[in-house]
Amino acid sequence: MAAVAEPTPVPEPEILAAFEAAKGFMPRGEGLALYAAATEAAALGLPLLEVGTYCGRSTILLADAARRAGVTAITVDHHRGSEEQQPGWEYHDPETVDPEVGLMDTLPTFRRTLRRAGLEDHVIAVVGRSPQVAKAWGGALGLVFIDGGHTDEHATADYEGWAPHVAEGGLLVIHDVFPDPVDIMTGQAPYRVYLRALESGAFTEVAVTDSLRVLRRTAPGI
Ligand SMILES: C[S@@+](CC[C@H](N)C(=O)[O-])C[C@H]1O[C@@H](n2cnc3c(N)ncnc32)[C@H](O)[C@@H]1O
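Residues numbered from 1 in each chain as written. Predicted model: local features only at pLDDT ≥ 70, side-chain atom pairs only at ≥ 80, totals over all residues.

### Notes on the pairing of strand E8 (residues 203-209)
- Where E8 and strand E9 (residues 212-217) come together, six bridges link them in antiparallel fashion. In the strand pairing of E9, Ala207 is matched with Val214.
- A loop of two residues connects E8 with E9, the two strands running antiparallel in sequence, and Asp210 in this loop sits at a positive phi of about 50 degrees. (Pairing = 2+ DSSP bridges. Helix = DSSP H or I, 4+ residues; strand = E, 2+ residues; numbered from the N terminus.)

This is the structure we're talking about:
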C-alpha cells in the first residue's frame, strides 16, 4: 500500500518529539494538519489563538509555527479541565489534580511542557473562561483553534466568542468533529459548530484530517 503523505510543512524533529512526549489528546496526524494550518495562517502576521490548552500538547505546534513567522500564539484555558476530564470520567488523569485544592490544575504541567520545548517566549497563556476572555478580546486573529469544552454550551460559546475575530483569509480550526454519533463518547457539539460555521457563509472548508477541520474565512459575517 502506498504511504499517505503527511501535511507539510512538518516541524523540526525536536519539536515533533516534544509534541509526542506531551500529555494531551491530539494524535500525530491531526497535529501535523494543525501545524500546516498554523504555518499558513501565521504568514498573515497576526496572532494564532487556541481555546483548550490542557497540558500544552497542541500549543507546542502553534507556538513553533508562530515563532517561525515572528508572531505570537495565545492559548486560553481555565485549567480546571472539561467535563469528561473530571474524576470518575473516561479522560481523567489523576496526575492533573492539585492535592491542596482537590481540583484539576493543568497549568503547572503546561508550563513545564512549554519550557522543555523551548517555546515559552512565543506563547501568551491566558488563564480564564473562554467566553469571558473572548468578550475582553479586541483584535483580529490569523487562526482560531477550538479545542475547549465539548458540551453544546461551551463549543457554541467558543464559536460565537472567537470566530468573529478570524481575519479575512484567516483560518478557523475545529477539533473533534465527528459526523457519526457512534464515533465519539464526548458528543457532537464540535460537529454542530462546524456545520454552523459552514452555514454562515463566512467560512469555506479547506482541509479535513480525521476529526480536525480547517476552514478559511472567505466572506465577512459572524
Ligand atoms: C480537550 S482539552 C484540550 C486538549 C489540548 N488542545 C491538547 O492538544 O491536548 C480541553 C481543555 O479545554 C478547557 N476548557 C473547557 N471548557 C473551557 C472554557 N469554557 N474556558 C476555558 N477552558 C476550557 C479544559 O480545561 C481542558 O484543558
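Back to the write-up after that little detour.
### Some words on the packing of helix H1 (residues 13-21) against helix H3 (residues 57-69)
- Where H1 contacts H3, the two axes come as close as 7 Å, and the packing angle between them is 160 degrees. Relative to H3, the element H1 lies roughly antiparallel. For the pair H1 and H3, the crossing hand works out as right-handed. Listed contacts from H3 to Ile15, Ala18 and Phe19 of H1 are Arg57, Ile60, Leu61 and Asp64.
- The residue inventory of the contact of H1 with H3, partitioned by class, reads five nonpolar, no polar and two charged. (Axes fitted to C-alpha atoms, helices over the stretch in contact; angles between N-to-C directions. Parallel < 35°, antiparallel > 145°, perpendicular 65-115°, else oblique. Left-handed = near helix turned anticlockwise from the far one by under 90°. Contact = placed C-beta atoms within 7 Å. Nonpolar A, V, L, I, M, F, W, Y, C, P; charged D, E, K, R; others polar.)

### Observations concerning the environment of Glu30
- Mapping Glu30 onto the fold places it in helix H2 (residues 28-42).
- The buried category is assigned to Glu30, around which 21 C-beta atoms lie within 10 Å.
- For the pair Glu30 and Asp176, spaced 146 residues apart in the sequence, the C-alpha separation amounts to 10.0 Å.
- Among residues more than four places away in sequence, those in contact with Glu30 are Thr209, Asp210, Ser211 and Leu212. (Buried ≥ 20, exposed ≤ 12 C-beta atoms within 10 Å, placed from the backbone.)

### With respect to the nonpolar core
- Membership of the largest hydrophobic core comes to 61 residues, with the highest contact counts inside it found for Ala37, Ala38, Leu48, Leu143, Val144, Leu172 and Val173.
- The biggest single contributor to this core is H2, with nine residues.
- Ignoring sequence-local partners within four residues, the contact set of Leu143 consists of Ala37, Ala38, Ala41, Leu48, Leu49, Gly170, Leu171 and Val173. (Core = buried A, V, L, I, M, F, W, Y, C linked by C-beta atoms within 7 Å.)

### Some thoughts on the site of the ligand
- Lining the immediate surroundings of the ligand are 22 residues, of which Gly24, Gly52, Ser58, Ser130 and Gly149 lie closest.
- Looking at the shell around the ligand, the elements that each hand over two or more residues are H3 and strand E2 (73-77).
- Residues of the shell around the ligand, tallied by class, amount to four nonpolar, 13 polar and five charged. (Near = placed C-beta within 6 Å.)

### Notes on H2
- With 15 residues, H2 ought to run about 21 Å at 1.5 Å a step, and its terminal C-alpha atoms sit 20 Å apart, in line with that.
- Buried residues dominate H2, accounting for 13 of its 15 residues. (Expected span 1.5 Å × (residues − 1).)

### Regarding the sheet that holds strand E7 (residues 166-174)
- Spatial ordering of the open sheet is given by E5-E2-E1-E6-E7-E9-E8, a layout of seven strands whose pairing is mixed. Strand pairing shows two members of the sheet lacking a second neighbour, strand E5 (123-127) and E8, which therefore form its edges. Across the sheet, the mean angle separating the axes of adjacent strands is 20 degrees when strand polarity is ignored.
- In the sheet, strand E1 (residues 48-51) pairs with E2 via four bridges, with the strands oriented parallel.

So, to be careful, I would describe these as geometric facts and stop short of saying anything about function.
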